Structures are given as structure tokens and as C-alpha cells.
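Descriptive structure summary
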Amino acid sequence: MADLSPDLSPRNPDWWRQAVIYQVYPRSFADADGDGLGDLKGIAQRLDHLAALGVDAVWLSPFYPSELADGGYDVIDPRGVDDRLGTLDDFDALVAEAHRLGLKVIVDIVPNHTSHLHPWFQEALRAGPGSAARERYVFRRGRGAHGELPPSDWQSVFGGSAWRRVPDGEWYLHLFAPEQPDLNWDNEEVRADFRTTLRFWSDRGVDGFRVDVAHGLAKDLTEPLRDVGDIGATGEDALPLVPPGSHPYWDRDEVHEIYRDWRKIFDAYRPPRMAVAEAWVPGARRALYARPDELGQAFNFEYLEARWDAEELRDVITGSLATARAAGASATWVLSNHDVVRHASRLMLPPGTDPAAWLLADGRAPAVDPAAGLRRARAATLLMLALPGSAYLYQGEELGLPEVADLPVEVLQDPIWEQTGHVRKGRDGCRVPLPWTAGLPHAGFGAREEPWLPQPAGWPSYAVDRQRSDPDSMLSLYRTAIALRPRFGDGPLTWLPAPDGVLAFSRADGALCVVNLAATPADLPARSRLLLSSGPLDDAGRLPQDTAAWLHA
Ligand code: GLC
């Protein structure tokens, strides 16, 4: 059979189009210095795990100096390394080691906002109203007789007004936490500084960028500021309710000009640096960020948000492929990341449950059967890895980690907890430090201090060392699947006739994928050879519920 493995040679500019990319959340991956917080050396020491897994690239969530008001997405210096996580030399060593192992490196960049401790924001506070320093952010006078009301009704994604007042009476915009003031992208200094940041990391050898909140940079700042009004939604969920491009701060058409500018920088490198947009906007609009003259790729959140339902998944897959094709981009697939309930738990939630609301502070989260969740997660993985395009994995999913839904409220760090007035626990449950070695303190995450979020009692049973040599483990399934994945080639997907509740499609060269979501066992296509299944077939050789199979015709 022809070698269909993706070409990862430095000369291949398109390596990212069919890649498997693994997200590392640095503070929770591996703690080399034992202070309870993961670090760059810890990542470098564990890159062999990723090489053995067979992924093509590692994406690092922010490791920059940060107050950790939002888990590192509140950046004090976008061209530095937080000293609790290491140094720039550690970063260079990590990149060198990754490249030696054949792994690409993608860094996360946060252009929508800085930390309030960024020197620019501190300068803006000191400089006062009307100053050039304030122009780099969005400062406004308030409404009301004494400016005591926020300048508009804009809402923070984390809850409450998106405006905070400073002692001299002006207000500044923060679409996320108050510690994350939004930058003003109409300001040329802001644009220039970001170009410097892109070059800084590209020059250090990074292969690409994950662009945080890519849909937020451009805002309609014409005076008087326009209210969103009461449209029944306050976050990005407002977008389907308004004409495309008309929202005052999400997904505005002007944002694309910024990415066309960045593309010139990406393309000045050999191979060109890749980029992927984090844009929580409806599919057809999302594809615009992935156009070849912009970022090239965008996360597919429709897929992440789809329920475990054959009909819904088929529609989402078909729609995602069509929108990616229309944009001239490759499709992407993602089941979990550091912002959502881990899919081994999420896919088990009763229909109609909002996963974020499931993690309520009162502890009444419906129990999820871990074994059933794992079974579904295994099937979901084989489905995802058989699809055309790139798959983004989140650290720990290869171990089948569930969401830690019962973190005690005293340990919560996510700003969502405070900003929703203790209604939503937020995203800490998917950020619990990884278990590496069952018999070691803290399951091998770090040798000394308690991890920054407590690991639950059952964590060691998921440890890498427990799973490595077990052929039936989740880790073994991921390794085998990633190794076999090139058999699906890079051609299109063709749906095959299948009973209700069953998904079946073929790809290049006779490779087939069948997933059974229905209670009735499904027959596998005749005259096909089983390559891999997510669980055992039944005695009659049929595919049971919540099981996926890869076959060769
Ligand atoms: C993105 C990140 C998320 C962060 C937010 C604000 O959505 O993924 O973790 O809270 O941006 O930077």
C-alpha cells in the first residue's frame, strides 16, 4: 500500500491540513520543579509521550507572565515566559526537543486583551483621560448625570457588565474578566506591537499560532456606543440572532483585515507559519477566518457542541466539510479543550443539558457512569480521527479522563465562579493536573507540593504508566488509531447507506468508518476487514451500541 503518512518535512508548507495536534495546558501537564504548577521543563521531559502517541504537533496554551486571573489568558508580557514556568531558554530547549522528535510547536496568542498588569494598562491608568496611553485600550466616559453608569450595555463573557470604572471616573472595556482589559485594534501601536510578537515567536522557531478570541478584536467604537439591546442572549450566542457582521463587538467584518495583514508575516517564513482561529461564531462565518489569505484554519465548535446523536453528527460533519471547502480551508475537529466539560463526561449528559450549567455549585450535577462515558468517548475518538482534516486533542483525553465535577468550591480558580456570583463553577474541572505514574505522589505530576488543583481519589487509575502496556486502554486505542489514520488519506468523505442511529462513510483507498449510536447492534459491511474497533464486537460479529469500527473494503 502507498505510504499515506502526512509529510511533516520542513519543506511541506501544508503539514497542518491533515494533522493531529495535541493541546498542552502548561500549568496542568507536568511539574518538573515540584512547586505544584506545571512548567516548560516538565513539558520538554514528557514530549516522548506525545511522540509515542504519534501526534504531529503540540499546541501550548499561554505560558507568558501572568497573574493567572484567567489561567494565563491574562498576559502581562506576550514575549516572555512566566518565571514560575521557566525561562526563554527553557522555551528554546522545548522547541528544539520537539523538533528533534518530529513534533511541530504551536503557541497560543492573545490579541484581544492584555492583563491589567501589562505595562501599557498601568501606564493608561496613570496617564488619565484623553491620553495616548488610554487610546491603546477602550476607555470611555459613563452614561448618567455623573457618568456613573456603564458606557453601553455590553456584557462580559464571564458574566456581568463588560465595563469597569477606574478612580478618575472613566470606564474601560473588558469582554472577559476585569483583569483582562480589551485592546483597541484601531490603534496603530497595538497592531505594530502584535506584528512584533508574531515575528518574535516565529523567529524562535514556532511553527504556528492558535489565535485566542479571534472574533473579538474589531469593535464598533463609533460614538455614541451602540447597545446590543435585549435580544435574549448576552455572549457570542447572540450572533445567530443578529444580521451577520452587525454585532457591535463580535465577528465584525473589519476583523479580517487584521488577519490578512498577519498572513503576510506568516508567509515570510519557510515554511509559512500556520494559524488556527478560536472563533465562537456560526459555521459559515467561522470559515471566513480560515480563508487561505487569513488564518488558514478555525476550530469547529459545532462539532464539539453536537450531541451524541447520529443525525446531528452527520449534519454537522457534512456542513463543516462544505463550509471549509467553500473557504478553501481544511476542516478541523475538536472534542475537548481547556474551556469545556471533558467529552468522556459531556457526551453522557441527558439531552438538553447545557454542559456549563451542569457544573453547578450546589453539587447537584447528575452522576455520569464513567464506564459508559469512556465507551462513548472511545467511539467518538475513532469517528473524529477518521474525518478529513485536522484533529485537535486536549491533554488527558488520550487517558480517558472524565471531568472532575466535584471540585470543592474553595479550590476553584476560574474567574467564571466569581463573576457568575457563585452560580457556575467554571472550567477548572477539565484542568486538573495529569496523572503520569500511579504509584508516585500526585500520580507523578510533580514530586513535592500539592498540585494547584487537587487530583481526585481515582486519578492514579488513569495514569499513563497503567495504560501504556495495556492493549485495551484508552491510550493504546489513541496510539493505534493515530498510527492507522493515514490510511484514510486526504480525500473526501462519502456517506454510505446505514440504519437509523448508525454513521458509515468511506474515504480513500477503501478505508471505512462505522459508528453505532443506536441500541440495536449493527452489521458491518460485508467483505470488509476490521482494522480497529473502539470496543469488542458481539458474538455475531456485529457492532454494539456506542462502538466504532475502522475497516478496509
Ligand atoms: C479563550 C480561551 C479561554 C479564555 C478566553 C479569554 O476563549 O480559550 O480560556 O478564558 O479566551 O482569553
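Our subject is the structure that appears above.
Let us look at the structure shown here. (Residues numbered from 1 in each chain as written. Predicted model: local features only at pLDDT ≥ 70, side-chain atom pairs only at ≥ 80, totals over all residues. Heavy atoms only, no water.)

1. Considerations on the overall build of the protein
Let me state the cut-off plainly: Strands here mean DSSP runs of E at least two residues long; helices mean DSSP runs of H or I at least four residues long; both are numbered from the N terminus. Throughout, the radius of gyration refers to the C-alpha atoms, and the reference size of a globule is 2.2 Å times the residue count to the power 0.38. The buried label goes to any residue with under 20% of its type's maximum accessible area, the exposed label to any with over 50%, and the partly exposed label to all in between, with areas taken from a 1.4 Å probe on protein chains only. Note on areas: these come from Shrake-Rupley sampling with a 1.4 Å probe, and a residue is covered only by the protein chains present in the view. The positive count covers Lys and Arg only, the negative count covers Asp and Glu only, and His and the chain ends enter neither. We put the charge of a Lys on NZ, of an Arg on CZ, of an Asp on CG and of a Glu on CD.
When helices and strands are tallied, the protein shows 16 helices and 16 strands. For the protein, the C-alpha radius of gyration of 23 Å lies close to 24 Å, the compact-globule estimate for 553 residues. Seen through its C-alpha atoms, the protein measures out along the principal axes to roughly 75 × 55 × 50 Å. Split into buried and exposed, the 553 residues of the protein put 60% on the buried side. With the model as given, the accessible surface of the protein reaches about 21100 Å², and the carbon-plus-sulfur share is 53%. Within the protein, one finds 56 positive and 80 negative side-chain charges whose respective centroids are separated by 4 Å.

2. Some remarks on helix α10 (residues 310-327)
Rule in force here: Multiply 1.5 Å by the residue count of a helix minus one, and that product is the helix's expected span. Throughout, a residue-residue contact means that at least one pair of heavy atoms, one from each residue, lies within 4.5 Å. In protein, a polar contact means a hydrogen-donor-capable atom and an acceptor-capable atom, both N or O and within 3.5 Å, with residues adjacent in sequence counting only if both atoms are side-chain atoms; elsewhere, any N or O pair within 3.5 Å suffices.
With 18 residues, α10 extends 26 Å from end C-alpha to end C-alpha; this agrees with the ideal 26 Å at 1.5 Å per step. If you check which residues of α10 are buried, you get A310, L313, V316, I317, S320, L321, T323, A324 and A327. On its buried face, α10 sits against α8 (283-289), α9 (301-305), β10 (332-334), α13 (370-385), β12 (494-495) and β13 (502-506). The N-capping residue of α10, defined by a side-chain oxygen 3.2 Å from the backbone nitrogen of E311, is D309.

3. Focus on the nonpolar core
Within soluble globular proteins, side chains that are nonpolar generally end up buried alongside one another. Let me state the cut-off plainly: Each nonpolar core is a collection of buried residues, namely Ala, Val, Leu, Ile, Met, Phe, Trp, Tyr and Cys, held together in the definition by side-chain atoms within 4.5 Å.
By size, the foremost hydrophobic cluster in this structure holds 146 residues, and its most contacted members are L50, F63, F91, Y259, W262, Y303 and W550. I106, F301, L304 and V340 belong to the second-largest nonpolar core, a separate cluster that totals 15 residues.

4. Describing the pattern of salt bridges
This is how it is decided: Any carboxyl oxygen of Asp or Glu within 4 Å of a side-chain nitrogen of Lys or Arg constitutes a salt bridge here.
Tallying each qualifying case throughout the model produces 38 salt bridges. A salt bridge links R136 to E189, with the nearest nitrogen and oxygen atoms 2.9 Å apart. With a gap of 53 residues between them, R136 in the loop between α5 (132-135) and β4 (139-140) and E189 in helix α6 (residues 188-203) connect regions that are remote in the sequence. Judged by its relative accessible area of 39%, E189 is partly exposed. For R263, the salt bridge is made with D267, and the minimal N-O distance between the two is 3.0 Å. R263 sits in the buried class, given a relative accessible area of 10%.

5. Description of the packing of α6 against helix α7 (residues 255-266)
Note the following rule: Lines fitted to the C-alpha atoms define the axes, with helices restricted to the stretch that makes contact. Angles between their N-to-C directions range from 0 to 180 degrees. The sense of a crossing depends on the near helix, which, turned anticlockwise from the far helix by less than a right angle, makes the crossing left-handed and, turned clockwise, makes it right-handed. Residues are sorted three ways: Asp, Glu, Lys and Arg are charged, Ala, Val, Leu, Ile, Met, Phe, Trp, Tyr, Cys and Pro are nonpolar, and all the rest, Gly among them, are polar.
Running from N to C, α6 and α7 cross one another at 35 degrees; their axes reach a closest spacing of 10 Å. For the element pair α6 and α7, the recorded crossing hand is right-handed. Residues R191, F194, R195, L198 and R199 of α6 touch α7, and the partners they reach there are E257, I258, D261, W262, I265 and F266. Taken together, the residues that form the contact of α6 with α7 break down as 6 nonpolar, no polar and 5 charged.

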